[in-house]
Structures are given as structure tokens and as C-alpha cells.
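Coordinates in review
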Amino acid sequence: QNRSTGRGGGEEGDHRPRPTIQVRFRQSVIMDGVCFSLSLRAFALRGSHPGFRRCLVVSMGVRDSRRGGGEVVGGALRNIGHRKPIIQWYPGHIAKAERQLTETLGVIDVIIEVRDCRIPASTGHPLLHDWIGSRGHVLALNRADMVPESARGAWRTYLRQIGEQPRFIDAKRGHGVHELRKAAIEAGASVNEKRQRRGLLPRPVRAIVLGYPNVGKSALINRLVGRRVVKSENRPGVTRALQWVRVNGSNHLDLLDAPGIIPAKFVDQGTALRLAFCDDIGQASYDPQVVAGLLVEELRRASTIPGGFFDLDVLSSRYHVTLDDSTSGDQYVHHVSQTPTFRGNVERASVALLTDFRSGSLGPVALEAPPLS
């Protein structure tokens, strides 16, 4: 009803607000061994004006764990490309930061790239090599303490084979940060060598810390500086602007903290889902029930990687539900929700599983193995 023009029986110029009621309902059920998820959204628009008819819009969807449908992904991540993407997250502050980054790179000597050690491939930005150019590059794999040694060894070998020298760090506790600082200064040493040949005094190496949201960039800067100089929280989107800081008591290194930068569009939904698993993108961009079910599938796959990237027995010991070969990820989350801890609340069980994974409560785990060299 266009009430600004008086059509539909309304008075001309009537701009009174229309109260809106939104109802959301979601339930999972098991029938004949198959998990079905029912979702319903209802929007009721109410207005007291006689010319405005009450309107109810309902959208309902059913997801079968045996097959994907609509915007919901089911099954293994390798099948995601056959369905409509379910995750897309590109906040305005990231677009602005990327524009500022391209303008600032001219004064940068070294790029410190931070990746999540649990998903090193998924947290590598496709444009990074273009940004590096002739600058120095230091690769830091953060949260290395949350990853099994077998995964660290596999990635260390692979990255060295392709010419990288990875630094495995734990920015939260400071492990490996001292060595990273030395590597950044050494990577920018050529800058002052050129200045000396031109008769100029040396200056601090200018380094920018780049990476996806919530991979630990700000925590790393605080460790490098030796005090809390930038805001750091365990959620994406905290840093929203570029900020220069100088390493405490050092005339050798200046750091530029940048917001997490992700591609404007995820081509691979498998990558987007792994970022969701690790809380590297905003939670508003996905359904936790869907993502929790797919996480269980990924944990099952990680347990089969040679060397053991995850111990599947941890799930049964923590949630008192066994994950066997015939149980899908959706079904497992549903079974967990039926335990006394969650009392049938699938949403709470899904969030708990994701939180336990992200906090390390499920033990050492890596979701990605390096490509075959």
C-alpha cells in the first residue's frame, strides 16, 4: 500500500509508522533415520488505518540431510559449488579499508601476513602477492598451539618447498613473537641499506599487519609493542581503521594495524564455511545450525587425514554421543541436542559445538592439509 500518495484508502501524506512483528521458528526432527530441518519466518505488518489491510508473509523451508536444497548446504563441503552460496559477508568498513590499503602501500616496506593455522589455505588472501610486490614478506601462522604437531610439520615442509619461511606463533601468549619481530626487521633491512648509500640516516622499518578478520592481527601487534595499544577481541570486525604504532623501546620497527580484509565475493563456499567454523567472519552471515552440522562433517574428514589432524573420540567423550559412519553432521547435532545438557534445544547445541571448536575445547585440530607437492 502506497500511503504517501493516499492509494489503498489511506489519507494523503499519512506517514505513520507501521509496526512489524517478526516470528522465527526452527526445528529439527528425525524420520526414518533422516534428519529434516524445518524453518519458518513470519512477518506480520499491522496498521490501524482502515485503508491498510493486515498483511502476513510466511516463508517456509525444509532441509533434508540427504540432499541440499535452496540456500542451505548439506553434505560434504566438496559439493557446495552445486548450490547457491549461503555465506556472503563484506562490511562497508572492509571495503573502505581496502581502498585505504592500496593508497598506503607506497610507504610500506614489509608485509606481515597473519593466517589462521587451523585453515592456512582458506585465510590466504588471493590478492596478497599483488600487494607484496617487491616488499619484504613475513608469514605468521597464528594459533599454532591449537593445531597438532603433524599438521604444523606438514605445512612447514610444504611452505618451505614453495619458498616461504613460516613462523608458527601464538599471539595470545606471545610464543614465537620475538622471532617474528627479528624476521620483520631483517625483511626490511634493504631499505636502510639503500638510504645509507644515498647518504641518508636510517629510519624504522614500516610494516603492515595484514590478514582476514579475527586471525589475531591486533593481538600480535600488542605483543610486538609490549603493551595494549590497539583494541583486540575474539570476534571479527573489531579493527575498523588503519592505525600506526611504534614497537616499544625500538627505533627499528613501525607497525600499521589494518582491519581484516577479505575478498569482496567468496567464489568457493568451502572456504567461506571454514572461515565461519573458525569465527573469522561475522556470525550474522550464516545459520549456526547449518554450520555446526557441516563442522561435524569436516571434523570427521580431518580425522582421516594421514598423521591425524583430529581425534574423533573427543566428540563422544565430550557430548556423550557417538559419531558413526552412518550419522550425518545434521543428525549428530540433533542427537547432541537431545542430551540432558541441551534438552532438545538444537540452536543451543549448535552454538555450543561451534564455541567448543573455536576455543580449543575439542583439542588440537587442523581442518586443512597442504596440497600435494
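For the structure itself, look to the data block above.
It should be emphasised that the depicted structure is a prediction, and the values quoted were computed from it without experimental measurement.

Between two packed helices, the angle of one axis relative to the other and the distance separating the axes together describe the packing. Two elements in contact, helix α10 (residues 329-337) and helix α11 (residues 346-359), have axes separated by 8 Å at closest approach and are oriented at 110 degrees. One way to sum up the angle between α10 and α11 is to call them roughly perpendicular. Here α10 and α11 pass one another in a crossing that is right-handed. Within the contact between the two elements, α10 uses Y332, V333, H334, V336 and S337 and α11 uses V346, A349, S350 and L353.

Tracing the chain through its elements places N345 in the loop between α10 and α11. Judged by its relative accessible area of 35%, N345 falls in the partly exposed class. Measuring from C-alpha to C-alpha, the distance between N345 and H334 comes to 8.7 Å, with 11 residues separating the pair along the chain.

Another point: the side chain of D254. Along the chain, D254 falls in strand β9 (residues 253-257). Relative accessible area serves as the criterion here: at 12%, D254 is assigned to the buried category.

Spanning 15 residues, helix α8 (residues 288-302) covers 20 Å between terminal C-alpha atoms, matching the ideal 21 Å at 1.5 Å per step. Within α8, 13 of the 15 residues are buried, leaving the element largely enclosed by the surrounding structure.

Strands sit in the order β6-β5-β4-β7-β9-β8 across an open sheet of 6 strands; the sheet is mixed. In this open sheet, the two strands that pair with only one neighbour each are β6 (167-168) and β8 (243-246). Where β8 and β9 come together, 4 bridges link them in antiparallel fashion. Across the sheet, V245 pairs through a bridge with L255, a residue of β9. Most of the contacts of helix α4 (residues 177-187) go to strand β5 (residues 136-142), to which it runs at about 165 degrees, and overall it touches β4 (110-116), β5, β6, β7 (205-211) and β9.

Looking now at the side chain of E368. Locating E368 in the fold gives a position in the segment after α11. The buried charged residue E368 lacks any salt bridge partner; its closest oppositely charged side chain belongs to R274, at an N-O distance of 4.0 Å. Within the local environment of E368, its side chain forms a polar contact with the backbone nitrogen of A121, the two atoms lying 2.8 Å apart. When residues no more than four places from it in sequence are discounted, the contact partners of E368 are R118, I119, P120, A121, S122, W155, R274 and F309.

Further remarks concern the nonpolar core. Core analysis: the largest hydrophobic core is formed by 72 residues, its most contacted members being I112, L220, L255, L299, Y332 and F357. Ranked by the residues each element gives to this core, the list is headed by α8, at 8 residues. Excluding anything up to four places from it in sequence, L299 contacts F310, L312, L315, F357, L362, V365 and L367.

With that out of the way, let us pick up the environment of V114. Looking at where V114 falls in the secondary structure, it is placed in strand β4. With relative accessibility at 0%, the residue V114 sits in the buried group. Expressed as a C-alpha distance, the spacing of V114 and N142, which sit 28 residues apart in the sequence, is 6.6 Å. Ignoring any residue separated from it by four or fewer positions in sequence, one finds V114 in contact with A140, N142, V209, L210, G211, Y212, V215, K217 and L220.

Charged atoms that come close allow side chains of opposite charge to pair. On inspection of all chains with the given rule, the structure shows 13 salt bridges. Across the salt bridge formed by E297 and R300, the nearest N and O atoms sit 3.7 Å from each other. Note that E297 and R300 are positioned in helix α8 at a spacing of 3 residues, about one turn of the helix. Here E297 falls in the partly exposed class, since its relative accessible area comes to 21%. Residues D356 and R318 are paired through a salt bridge, measuring 2.9 Å at the closest nitrogen-oxygen approach. Pair noted here: D356 is in helix α11 and R318 is in helix α9 (residues 313-319), with a separation of 38 residues, a long-range link. Looking at D356, the relative accessible area reads 11%, which means it is buried. One network of salt bridges, in which partners are shared, links D116, R118 and R143.

Burial analysis of β4 places 7 of its 7 residues in the buried class, which makes it a mostly covered element. Because side chains alternate across β4, one face comprises the buried residues V110, I112, V114 and D116, and the other comprises I111, E113 and R115, equally buried. One ladder, built from 7 bridges, connects β4 with β5; its direction is parallel. Following the sheet pairing, D116 is matched in β5 by N142. Bridge analysis of β4 against β7 gives 5 bridges, and the strand direction is parallel. Looking at β7, one finds that E113 is bridged to L210.

What follows concerns the packing of helix α7 (residues 269-277) against α8. As a packed pair, α7 and α8 sit with axes 10 Å apart at the nearest point and diverge in direction by 100 degrees. It follows from the interaxial angle that α7 and α8 lie roughly perpendicular. Of the residues in α8, those in contact with L273, R274, A276 and F277 of α7 are V291, L294, L295, E298 and R301. Counted by class, the contact of α7 with α8 contains 6 nonpolar, no polar and 3 charged residues.

Reading guide: rules and limits
Position numbers for residues start from 1 in each chain and track the written sequence from start to end. Where local features are concerned, this predicted model is filtered to residues with pLDDT of at least 70; where side-chain atom pairs are given and counted, the filter is 80 or more; whole-chain, interface and lining totals use all residues. The basis for every side-chain value is the complete set of heavy atoms in the structure, and neither hydrogens nor water enter the calculation. Throughout, an axis means a line fitted to C-alpha atoms (over the contacting stretch in the case of helices), and angles, computed between N-to-C directions, take values from 0 to 180 degrees. For helices the rule is a DSSP run of H or I covering at least 4 residues; for strands it is a run of E covering at least 2, with both sets numbered from the N terminus onward. An angle below 35 degrees is read as roughly parallel, one above 145 as roughly antiparallel, one from 65 to 115 as roughly perpendicular, and any other as oblique. Two helices crossing with the near one rotated counterclockwise from the far one by less than a right angle form a left-handed crossing, whereas a clockwise rotation gives a right-handed crossing. Only heavy atoms matter for contacts: two residues are in contact if any of them lie within 4.5 Å across the pair. The cut-offs for exposure are 20% and 50% of the maximum accessible area for each residue type, with area from a 1.4 Å probe on protein chains only; residues under the lower value are buried, those over the upper are exposed, and the others partly exposed. Take the number of residues in a helix, subtract one, and multiply by 1.5 Å to get its expected span. Note: two strands are recorded as paired if DSSP finds a minimum of 2 bridges between them. Neither His nor the chain ends is counted toward charge; the positive residues are Lys and Arg and the negative residues Asp and Glu. Salt bridge, as used here: a side-chain nitrogen of Lys or Arg that lies within 4 Å of a carboxyl oxygen of Asp or Glu. Contacts described as polar in this section are N or O atom pairs within 3.5 Å, which, within protein, must combine one atom able to donate a hydrogen with one able to accept it, while residues neighboring in sequence count only if both atoms come from side chains. To form a nonpolar core, buried Ala, Val, Leu, Ile, Met, Phe, Trp, Tyr and Cys residues must be joined to one another through side-chain atoms within 4.5 Å. Here the nonpolar group is Ala, Val, Leu, Ile, Met, Phe, Trp, Tyr, Cys and Pro; Asp, Glu, Lys and Arg are the charged ones; every other residue, Gly included, is treated as polar.

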